[in-house]
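Analysis of the macromolecular model
This is what each chain is made of:
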Amino acid sequence: MDTLTIDNSPAPFPTDTAKAETMSPNHHFDLAATPLREVNSALHGDISGEIVIDNPAGAHAVAAGVNAPVKITVNGHVGYYAAGMNQQAEVVINGNAGTGVAENMMSGTVIVKGNASQSAGATAHGGLLVVEGDAAARCGISMKGVDIVIGGNVGHNSAFMAQAGRLVIRGDAGHGLGDSIYETRIYVRGDVASLGADCIAKPMREEHLEELAGLLKAAGFADDDLSAYTRYGSARELYHFKVDNASAY
Amino acid sequence: MCGIVGLHLRNPELHPRLGAMLAEMLGEMQDRGADSAGIAVYGNPEWAPPGHGCVSLLELDVVPDEVASTLGAAVGVPVAAQLVDTTLVVSAPVPAEELLGAARAAYPDALIAGFGADLTVLKGVGAPRDLTESWGLAHASGWQGVGHTRMATESAVTPSGAHPYAVGPEQCLVHNGSFSNHATIRRELRAEGVEFDSENDTEVGARFVAHQLAAGKDVETALKEVCATFDGFYTLVVSNHDSFAVVRDAIACKPAVIAETDDWVAIASEYRALAKLPGVENARIWEPEPEVVYAWTR
């Protein structure tokens, strides 16, 4: 089941003064000087407030597995699985992201200021992923409840077997959009090269316009003309075995 | 897994730094494959004197001086031979094919790693960073280089299983991925008289491309033929004396990142291999689209 609420409220920063005295409110890590394991280990420990990570230089798994209401800013391009499995944290990547950014995210927000490679937001259950540039192939593959907003285009087989959540594409979509889709709703402003099996265009009703407006606002694209978007979703023809298709097996 | 890198320099001022840049890129890809590695360098005068034909030989247990005199007697001019780690690099002021013919006749069991004008191909078994150190790659100059770090899946960990595959004059191919129908294509190419050095899938790709180019097709057409003929997952870099090209399969699950500045064009399996290149912070960075051939010529 997908959710209709958008939780994009800023991460609640701690006001506990006793804690603030023992922990610096701002943590700064330089990946050119500190090993990634040490940085991620610190992020998994007792940490709060705002965290800045410099010089990622394409490293993998930057800020993966965080489970705390912190704000993490990464300055530079990251490698695979950045902010993967994220819970609660608001992660901003000032650069491009490699394969699988925010894969399996449960909650929180991940914002990529540049482009994202393949499988952005793969299998993610919750939270919001924003890619301000383009996302490559298989964006939102098997998404399970996450909201994804892409500022530009997405590559082929995006939302493949998508199960829940919403995917907004402000540009064009590559071939096979929404192939074998379950119940994710997809909104596309530009052209779709081709739709995958069982994915069809659907009418935009009032509740969809409202949902789209909320998603765009949450992602910082509040000025878009909603009438330029088309909704896509499941034709629900692949849900059940049809005896007429028996010869195909 | 495997890692690939390619660097094509546009600014001649960077030529003395080619090897250092390539070594950094290759070292960063060691995590993607650490059982063997190889490089091709175009235009390093220490290994490939300008205007000379060059041949790189592996699995040859003969001292360089003896190789030089044997091949010199065969081609009728002095031949230079030096051992760069385990690769024997020979050159002479004759066309590369002539030197290659002499080497094949004198040492039929040697593995031809590569041949052509200005081209040196070095490969070996071991960790990529150790190999680049043994080759002295950081001191090499040139205008173009490609490299590969291997995590073997399709054939044995041997020098003949390491990339690049440089099977046509000045041509080189490195591959991140795997071909699934290589046995069929190898059989077809063998039926047309093409000879193979290994059971490696990538060698089939390289022989296929060389076969296409020898038939007069251009690189772009040859690579489109690869897309139409080969089944599997691949990102390929195909270099020639003055050019290099990149292509990915239709599924495009094997990674590739291209970065371009006024001074250079670079490709790697991952961005981190490009992260130390001069001026990368202002480079145009993108991922190649599936089945689109990208090519650069100097």
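Residues numbered from 1 in each chain as written. Chains lettered and ligands numbered in written order. Predicted model: local features only at pLDDT ≥ 70, side-chain atom pairs only at ≥ 80, totals over all residues.

An unreviewed UniProt entry annotates chain B as glutamine--fructose-6-phosphate transaminase (isomerizing) of Gordonia paraffinivorans. Checking UniProt for chain B, the heading Catalytic activity (unreviewed entry) contains the comment "D-fructose 6-phosphate + L-glutamine = D-glucosamine 6-phosphate + L-glutamate". (UniProt positions renumbered as here; feature names shortened; annotations may be inferred.)

Under an unreviewed UniProt entry, the name given to chain A is Formylmethanofuran dehydrogenase subunit C, and the source organism is Gordonia paraffinivorans.

Moving on to the overall build of chain A. The helix and strand tally for chain A stands at three helices and eleven strands. Listed by position from the N terminus, the elements making up chain A come as α-β-α-β-β-β-β-β-β-β-β-β-α-β. In chain A, the proportion of contacts linking residues at least 24 apart, taken out of those at least 6 apart, comes to 25%. (Helix = DSSP H or I, 4+ residues; strand = E, 2+ residues; numbered from the N terminus. Contact = placed C-beta atoms within 7 Å.)

Residue and element names in this part refer to chain B. With their axes 9 Å apart at the nearest point, helix α6 (residues 201–214) and helix α7 (residues 219–229) run at an angle of 135° to one another. Taken together, the axes of α6 and α7 lie oblique to each other. Read as a crossing pair, α6 and α7 show a hand that is right-handed. Here α6 contributes Gly-205, Phe-208, Val-209, Gln-212 and Leu-213 to the contact with α7, which in turn contributes Ala-222, Glu-225, Val-226 and Thr-229. Partitioning the contact of α6 with α7 into residue classes produces five nonpolar, three polar and one charged. (Axes fitted to C-alpha atoms, helices over the stretch in contact; angles between N-to-C directions. Parallel < 35°, antiparallel > 145°, perpendicular 65-115°, else oblique. Left-handed = near helix turned anticlockwise from the far one by under 90°. Nonpolar A, V, L, I, M, F, W, Y, C, P; charged D, E, K, R; others polar.)

It is worth spelling out the domain arrangement of chain B at this point. Residues and elements named next belong to chain B. In terms of domains, chain B is made up of domain 1 (3–48 + 118–297) and domain 2 (49–117). Taking the mean C-alpha position of each, domain 1 and domain 2 sit 23 Å from one another. At the level of secondary structure, the elements contributing two or more residues to the side of domain 1 that touches domain 2 comprise β7 (119–125) and α4 (128–135). Split by residue class, the side of domain 1 that touches domain 2 holds 13 nonpolar, five polar and four charged. (Domains from an automatic or database assignment.)

You can see Pro-45 of chain B is positioned in the loop between β2 (36–42) and β3 (53–58). Sequence separation between Pro-45 of chain B and Gly-142 of chain B is 97 residues; the distance between their C-alpha atoms is 7.9 Å.

What follows covers the pairing of strand β11 (residues 243–248) of chain B. Residue and element names in this part refer to chain B. Of all six residues making up β11, five are buried, and the element is well covered by its neighbours. Here strand β10 (residues 232–240) pairs with β11 via six bridges, running antiparallel. Paired with Leu-236 across the strands is Val-247, a residue of β11. Counted between consecutive antiparallel strands, the loop separating β10 from β11 contains two residues. (Buried ≥ 20, exposed ≤ 12 C-beta atoms within 10 Å, placed from the backbone. Pairing = 2+ DSSP bridges.)

Time to look at the interface of chain A and chain B. Counting residues at the interface gives 13 residues for chain A and ten residues for chain B. Residues that form the side of chain A that touches chain B fall into these classes: four nonpolar, nine polar and no charged.

A few words now on the packing of helix α2 (residues 64–75) of chain B against helix α3 (residues 96–106) of chain B. Residues and elements named next belong to chain B. For the pair α2 and α3, interaxial distance at closest approach is 9 Å and the crossing angle is 120°. On the basis of the axis angle, α2 is oblique to α3. Note that α2 runs across α3; the crossing there is right-handed. Of the residues in α3, those in contact with Thr-70, Leu-71, Ala-74 and Val-75 of α2 are Glu-98, Leu-99, Ala-102, Ala-103, Ala-105 and Ala-106. The class makeup of the residues in the contact of α2 with α3 is eight nonpolar, one polar and one charged.

Turning to the UniProt feature "domain: Glutamine amidotransferase type-2" (unreviewed entry) in chain B, a few remarks are in order. What UniProt calls "domain: Glutamine amidotransferase type-2" (unreviewed entry) maps, in this numbering, to residues 2–298 of chain B. In the segment residues 2–298 of chain B, helix accounts for 26% and strand for 31%; the C-alpha atoms at its two ends are 28 Å apart.

A separate point is the sheet that holds strand β1 (residues 3–9) of chain B. Within a sheet, adjacent strands bond to each other through the backbone by hydrogen bonds, running parallel or antiparallel. Residue and element names in this part refer to chain B. One open sheet holds the seven strands; their spatial order is β7-β2-β8-β1-β13-β12-β14, and the pairing between them is antiparallel. Of all strands in the sheet, those with a lone pairing partner are β7 and β14 (284–286), marking the two edges. Looking at each pair of strands side by side, their axes are set apart by 10° on average, direction ignored. Sheet analysis places β1 next to strand β8 (residues 144–150), joined by six bridges and oriented antiparallel.

Turning next to unusual backbone geometry. Backbone torsion omega between His-163 of chain B and Pro-164 of chain B reads 0°, so that peptide bond is classified as cis. Here Pro-164 of chain B is to be found in the loop between β8 and β9 (172–179). Of note in the backbone geometry, Ala-57 of chain A takes a positive phi value of approximately 50° without being a glycine. For Ala-57 of chain A, the position within the fold is in the loop between β2 (50–54) and β3 (71–75). For Ala-57 of chain A, a count of 21 C-beta atoms within 10 Å corresponds to the buried category. Even without glycine at this site, Cys-2 of chain B takes up a positive phi of about 70°. As for its placement among the helices and strands, Cys-2 of chain B is situated in the segment before β1. Classification of Cys-2 of chain B as buried rests on a count of 24 C-beta atoms within 10 Å.

This brings us to the pairing of strand β9 (residues 185–188) of chain A. All names here are of chain A. Alternating residues of β9 divide into Arg-185 and Tyr-187 and Ile-186 and Val-188, and every residue in both groups is buried. Of the strand pairs in this sheet, strand β8 (residues 164–169) and β9 are connected by four bridges, and their pairing is parallel. Following the sheet pairing, Arg-166 is matched in β9 by Arg-185. In this structure, β9 lies alongside strand β11 (residues 230–234), joined through three bridges in antiparallel fashion. Paired with Val-188 across the two strands is Thr-230, which belongs to β11.

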